[in-house]
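# Chains, contacts and geometry: an overview
Below are the chains, spelled out letter by letter.
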Amino acid sequence: MEEEKKDVKPIDLVGTAKKLWQYRKKYYYVLPATLIITYLMMLFIPRYYTCTVSLAPETSGTSLSGSIESLASSFGMGGALSKMNSTDAIYAEIYPEVVASKNFIAELMTVDIKTKDGDIQCNYYTYLRDKQKTAWWNQAIGAVLEMLKSTPKDTYDGKEKLSVFNLTKLQTELFGLAQNKIVCRYDKKTDIVSIVVKDQDPLVSAIMADATCSRLQEFITNYRTNKARIDFEHYQNLTKKSKEEYEEAQRRYAACADANTNVVLATYRTRVENLENDMQTKYNVYTAMNTQLQAAAAKLQEVTPAFTVIESASVPVKPAGPKRMIISIAMMMLAFFVLSVKLLLKKES
């Protein structure tokens, strides 16, 4: 072991610098050229903007469980505890999977967008298909591929929701592009859901961030209130039907009572009493159904989730990328390292 340690030679930085100094003129050409060429290439890559929306979904549970969950959140386990306490199949931790699903993306494809300069106004699907800017080399490659293969023209106009059951190759690619542009993140420590939308136009990114947030809230609300909404509609129909039956029985009783006001025969009195009893029965049913309807309405309101929007959509002012100068400097450093290794190996050989 000691002999192996003795065989390890320290790196002579001074000697290495002297060896490379002999080739300093090569660095004078390579490094500036790398910086300029990289920066010029980055100029052809379209810039993009990002818009972030943050919201805090409502969590169900007692105050005690809420306190325990708050304590668990400080250790990064709030999401797991919330999932254990929740009876919902869709909880905040899987919101990112919901947003990334094709069914959800299909809902967003019909959103009407508008660029900041006002030149483009269409739905999001058409925007992704026809209005995206790319570098000139990507355009050249795309043109060559179109010449080599014949693809059928896409006739979908994006006005109605697209069925994801049988997507074409182009539609699958556009869905993948949308999934890369629209990202949902969940913070386990704070239980905050963030929606980040990246796009080449600042206004489009803000519009899609706001639309994604609204569609997500609508999706979760529809899911959680589905059973209560069905019950409410059921009792609403029963209440309407029982009211109509009560009003019909009331009309029959009133007509019979008016027609036999001065009649003393027991047969007519019995008929009037029967109609009155039937009317009272119908009224009791109507009252009971109306009570159930009010209870169902209260239950629907109770299970409707509330979302607190912490950060709403706002049109970004500055582009988020690409970082042209940073990437150019990084490429220059990489060129320095590669050139140095090449010169040192050349010197040793």
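Keep in mind it's a predicted model, so treat the numbers as computed, not measured. Every chain is numbered independently, its residues counted from 1 as its sequence is written. For a predicted model such as this one, the threshold for reporting local features is a pLDDT of at least 70, and the threshold for listing and counting side-chain atom pairs is 80 or more; totals across whole chains, interfaces and linings nevertheless cover every residue. Heavy atoms from the whole structure form the basis of all side-chain values; hydrogens and water molecules are not counted.

### A look at the sheet that holds strand β4 (residues 182-187)
When DSSP finds two or more bridges between two strands, those strands count as paired. A helix here means a DSSP run of H or I that spans at least four residues, while a strand means a run of E at least two residues long, and both kinds are numbered starting from the N terminus. Taken together, the 4 strands give an open sheet; going across it, the order is β4-β5-β1-β6, and neighbouring strands pair in antiparallel fashion. Pairing within the sheet leaves two strands with one partner each, and these edge strands are β4 and β6 (307-311). Adjacent strand axes in the sheet meet at a mean angle of 25° when their direction is disregarded. Bridge count for strand β1 (residues 49-57) against strand β5 (residues 192-199) is 7 bridges, and the pairing is antiparallel. Residue pairing in the sheet places Tyr 49 in a bridge with Asp 199 of β5. Of the strands in this sheet, β4 and β5 are in contact with helix α10 (residues 169-181), which crosses β4 at around 40°. In this fold helix α11 (residues 202-224) packs onto β1, β4, β5 and β6, with an angle of close to 25° to the strand it touches most, β1. In this analysis an axis means a line fitted to C-alpha atoms, helices contributing only their contacting stretch, and an angle means the value between N-to-C directions, from 0 to 180 degrees. We call two residues contacting when some pair of their heavy atoms lies within 4.5 Å.

### Some words on the pairing of β4
Looking down a regular strand, the side chains alternate between one sheet face and the other. The buried label goes to any residue with under 20% of its type's maximum accessible area, the exposed label to any with over 50%, and the partly exposed label to all in between, with areas taken from a 1.4 Å probe on protein chains only. Alternating residues of β4 divide into Ile 182, Cys 184 and Tyr 186, all buried, and Val 183, Arg 185 and Asp 187, none buried. Two strands pair when backbone bridges link them, and β4 and β5 are joined in this way by 6 bridges, in the antiparallel orientation. Paired with Asp 187 across the strands is Ile 192, a residue of β5. Counted along the chain from β4 to the antiparallel partner β5, the turn is 4 residues long, and its residue Asp 191 has a positive phi close to 60°.

### Re α11
Each α-helix winds once per 3.6 residues, and so residues spaced three or four apart point in a common direction. Across its 23 residues, α11 extends 33 Å between first and last C-alpha, which sits within 8% of the 33 Å expected from 1.5 Å per residue. Regarding α11, the residues found buried are Pro 202, Val 204, Ser 205, Ala 206, Met 208, Ala 209, Ala 211, Thr 212, Cys 213, Leu 216, Ile 220 and Arg 224. For the purposes of these results, a polar contact is taken to be a pair of N or O atoms within 3.5 Å, where, inside protein, one atom must be able to donate a hydrogen and its partner to accept one; residues adjacent in sequence count only when each atom of the pair is a side-chain atom. The distance from a side-chain oxygen at the start of α11 to the backbone nitrogen of Leu 203 is 3.0 Å, and the residue carrying that oxygen is Asp 201. To estimate the expected span of a helix, count its residues, drop one, and scale the result by 1.5 Å.

### Some details on the packing of aromatic side chains
Note on aromatic contacts: the rings of Phe and Tyr and the six-membered ring of Trp form a pair at centre separations within 6.5 Å, being stacked when their planes are under 30 degrees apart, edge-to-face when over 60 apart, and tilted otherwise. Throughout the structure, instances matching the rule amount to 5 aromatic pairs. Arranged with centres 4.7 Å apart and planes meeting at 80°, the rings of Tyr 125 and Tyr 156 form a pair that is edge-to-face. Separated by 31 residues along the polypeptide, Tyr 125 in helix α8 (residues 124-130) and Tyr 156 in the loop between α9 (136-148) and α10 bring together distant segments of the chain. You'll find Tyr 125 and Tyr 156 in the same group, each marked buried. Considering the side-chain rings of Tyr 246 and Tyr 283, the 5.2 Å spacing of their centres and the 55° angle between planes classify their relative orientation as tilted. Taken together, the residues span a long stretch of sequence, with Tyr 246 in helix α12 (residues 226-259) and Tyr 283 in helix α13 (residues 266-303) at a distance of 37 residues.

### A closer look at the environment of Lys 153
Inspection of the secondary structure assignment puts Lys 153 in the loop between α9 and α10. Each C-alpha atom of the pair Lys 153 and Leu 170 lies 9.6 Å from the other, and the pair is 17 residues apart in sequence.

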